[in-house]
Amino acid sequence: MPDNAEQLEDRIAELRAAVRRAVAAGDRATARQLRAELRRAENDWDDAVLGLQPGAEPVREIVPAVPVREHVHRALTLLGAPAAPKLVLAVHDAFFSGDLVAARLTSLRRDEERSFRAAPLARPYYICSALNADLLAPARGLLAVSSWPTERRVVGPLSPRVDLLTATIRLAEHLAALPEPGPDARRVVWKLAVSVPGVRGAPDAIDLERVVESAGRELAVHRADDAAHRLRAAERASAQLDDTAQLFGVRLAVTGTRRKEAG
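An account of the accompanying structure is given in this report. (Residues numbered from 1 in each chain as written. Predicted model: local features only at pLDDT ≥ 70, side-chain atom pairs only at ≥ 80, totals over all residues. Heavy atoms only, no water.)

Taken as a whole, the largest pocket spans an internal volume of roughly 330 Å³. Forming the walls of the largest pocket are 19 residues, and the residues nearest its centre are Arg28, Arg32, Leu121, Ser146 and Ser147. Among the elements that line the lining of the largest pocket, the one with the most residues is helix 2 (residues 28-50), at five residues. Residues of the lining of the largest pocket, tallied by class, amount to eight nonpolar, four polar and seven charged. Within the residue set of the lining of the second largest pocket, elements represented by two or more residues are helix 5 (108-118) and strand 2 (138-145). (1 Å grid on protein atoms, 1.4 Å probe; cavity = no way out; pocket = protein on both sides within 12 Å on 5 of 7 lines; lining within 4 Å. Points joined across faces, edges and corners; volume = space filled by probe spheres on them. Helix = DSSP H or I, 4+ residues; strand = E, 2+ residues; numbered from the N terminus. Nonpolar A, V, L, I, M, F, W, Y, C, P; charged D, E, K, R; others polar.)

Here it is, written out as structure tokens:
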């Protein structure tokens, strides 16, 4: 590994070019591997340039603000399923630190799509759209994570219920593992769980074990049918769509007749 900033800069330039070549060749696995190596080289460059010299006075570290996409990624990862911005915000505020403003979510998906089109697979993940299973168009108001399998990002007729039950179970299990869960976290779980048959109690008295058990029982009823529908849609997406459309959906064109009617 190079041991000074100049050599590291040369290495970073080489890796960036290699990532671009791998992306252009359609070799996504190599692109991801090179991107990980690039991040390590960039971290080494930071250490080389910003590290203290012997005898130097320590300086206060300035911690940059966490990008909104990382806040959203954390919340979606905890939920484990596509979710609307309102739920993403609620989960973030209840379970994570840092500021996430609703207005900043408005253009996030469009920004992520522009970034992907400019440099495909340059990042380890993108905040993308859930896809409507029938049309493979963006599912209105649902965010997902690009690193999830396609069948997890597709939503069919049963998927909203399956995803709600999945998120309820994951949040309840996460809440039960916290040493001192706050009232906001309990309220988020309660709001999701009250629609599950067999769950009772106020937010501060909800039985998390019963939530997991009851949600799991209902999930078992729908899971197989939903999974089959999603898998068929995912196979169509893989066969018919390019990388960008698989993440952000197809744009539905207005037919000539409808355009005339609209005119």
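Structure shown, so let's carry the discussion forward.
This next bit is on helix 7 (residues 159-177). Along its 19 residues, helix 7 runs 27 Å from first to last C-alpha, staying within 8% of the 27 Å computed at 1.5 Å per residue. Every buried residue belonging to helix 7 is among Ser159, Val162, Asp163, Leu165, Ala167, Thr168, Ile169, Leu171, Ala172 and Leu175, and all of these are buried. Turning to helix 7, the residues buried within the fold contact helix 3 (68-79), helix 4 (85-95), strand 3 (154-155), helix 8 (183-193) and helix 9 (208-240). (Expected span 1.5 Å × (residues − 1). Buried < 20%, exposed > 50% of the residue type's maximum accessible area, 1.4 Å probe, protein only. Contact = heavy atoms within 4.5 Å.)

Inspection of every chain in the model, using the stated rule, returns 12 salt bridges. The salt bridge involving Arg114 is made with Asp111; its shortest N-O contact spans 2.3 Å. In this pair, Arg114 and Asp111 both sit in helix 5, three residues apart, roughly one turn of the helix. Residue class for Asp111 comes out partly exposed when judged on its relative accessible area of 32%. Arg123 serves as the salt-bridge partner of Glu112, at 2.9 Å between the closest nitrogen and oxygen. Pair noted here: Glu112 is in helix 5 and Arg123 is in the loop between helix 5 and strand 1 (127-132), with a separation of 11 residues, a long-range link. For Glu112, a relative accessible area of 2% corresponds to the buried category. In this structure Arg123 comes out as partly exposed when scored by relative accessible area, which is 30%. (Salt bridge = Lys/Arg side-chain N within 4 Å of Asp/Glu carboxyl O.)

Let's shift gears to the packing of aromatic side chains. Using the criterion set out here, one finds two aromatic pairs in the structure. Both rings, one in Phe116 and one in Tyr126, keep their centres 5.1 Å apart while their planes meet at 85°; by these two values the pair is edge-to-face. Separated by 10 residues along the polypeptide, Phe116 in helix 5 and Tyr126 in the loop between helix 5 and strand 1 bring together distant segments of the chain. An aromatic cluster is present here, built from Phe116, Tyr126 and Phe248 joined pairwise through their rings. It is Arg69 that lies over the ring of Tyr125; its NZ or CZ is 4.4 Å from the centre. (Phe/Tyr/Trp six-rings, centres within 6.5 Å; stacked < 30°, edge-to-face > 60°. Lys NZ or Arg CZ within 6 Å of the ring centre and 35° of its normal.)

Take the sheet that holds strand 3 next. In space, the three strands of this open sheet follow the order 2-1-3, with mixed pairing throughout. Each edge of the sheet is formed by a strand with only one pairing partner; in this case those strands are strand 2 and strand 3. Alignment of strand 1 against strand 2, held across four bridges, turns out to be antiparallel. The residue of strand 2 that forms the bridge with Leu131 is Pro138. The strands touched by helix 3 are strand 1 and strand 2; relative to strand 2, the strand with the most contacts, the crossing angle is about 90°. (Pairing = 2+ DSSP bridges. Axes fitted to C-alpha atoms, helices over the stretch in contact; angles between N-to-C directions.)

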